[in-house]
Amino acid sequence: MSKSAKKKAIMLGVGLDSDGHKRITTGENFALVGGSKETHEVMTEKAVKINEKLAAKGKKLEEASCEELDEIAHAVGLVRHAPHKN
């Protein structure tokens with residue numbers, strides 16, 4: 001991979017509830033859109049905590065494995081939703 005084709009990663013959060021306001025928050029590696037005031041604040045807090053935990057490991061988002069991200073997400077209170085099985 002050439003230096004100009006560096007790996008990039010971004011977290012995207014979408015709040016599906018609404019109180020009529022449009023909210024957008026961006027950071028170095030995340031974009032959060034929508035949600036009520038409370039939902040948007042929770043998404044922002046979790047994105048910041050994920051970045052803090054990555055920094056504590058000396059890693060950037062694009063350097064973390066899926067397993068590491070799963071562990072970090074769980075540690076900040078995010079839950080993986082499994083698809084329905086019929």
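Now for a description of the structure that goes with this document. Note on numbering: residues in each chain are counted from 1, in written sequence order. Confidence filtering applies because this is a predicted model: local features only for residues at pLDDT of at least 70, side-chain atom pairs given and counted only at 80 or more, and all residues used for totals across whole chains, interfaces and linings. In computing side-chain values, all of the structure's heavy atoms are included and hydrogens and water are not.

Details of the pattern of salt bridges
- One side-chain nitrogen of Lys or Arg within 4 Å of one carboxyl oxygen of Asp or Glu is enough to make a salt bridge. Across all of its chains, the model carries 3 salt bridges by this definition.
- Between E45 and K49 there is a salt bridge; the shortest N-O distance is 2.9 Å. Placement of the pair is E45 and K49 together in helix α1 (residues 37-56), with a separation of 4 residues, close to one helical turn.
- Residue burial is assigned from relative accessible area. The probe radius is 1.4 Å, only protein chains are included, and a residue is buried under 20% of its type maximum, exposed over 50%, and partly exposed in between. Looking at K49, the relative accessible area reads 34%, which means it is partly exposed.
- Measuring nitrogen to oxygen at the nearest pair gives 2.8 Å for the salt bridge that ties K59 to E68. Helix and strand labels come from DSSP, where a helix needs a run of H or I of at least four residues and a strand needs a run of E of at least two; each type is numbered from the N terminus.

Concerning the sheet that holds strand β1 (residues 11-15)
- By this definition, two strands are paired if DSSP reports at least two bridges between them. Read from one edge to the other, the open sheet built from 3 strands follows the order β1-β3-β2, with strand pairing classed as mixed. The strands lining the two open edges of the sheet, one partner per strand, are β1 and β2 (24-27). Each adjacent strand pair in this sheet contributes to an overall mean axis angle of 5 degrees, direction not counted.
- One ladder, built from 4 bridges, connects β2 with strand β3 (residues 30-34); its direction is antiparallel. Convention adopted: a line fitted to C-alpha atoms gives each axis, helices being fitted over their contacting stretch, and angles between N-to-C directions are expressed from 0 to 180 degrees.

Quick look at the packing of α1 against helix α2 (residues 66-75)
- Viewed as axis vectors pointing N to C, α1 and α2 meet at an angle of 130 degrees, and their least axial separation amounts to 10 Å. In terms of orientation, α1 and α2 fall into the oblique class. Remark: the crossing between α1 and α2 carries right-handed chirality. Taken together, the residues of α2 that come into contact with α1 (itself represented by I50, K53 and L54) are L69, I72 and A75. Small angles under 35 degrees read as roughly parallel and large ones over 145 as roughly antiparallel, with 65 to 115 read as roughly perpendicular and the rest as oblique. Less than a right angle of anticlockwise turn of the near helix away from the far helix marks a crossing as left-handed, whereas a clockwise turn marks it as right-handed. Contacts were defined at the residue level, with two residues in contact if any of their heavy atoms lie within 4.5 Å.

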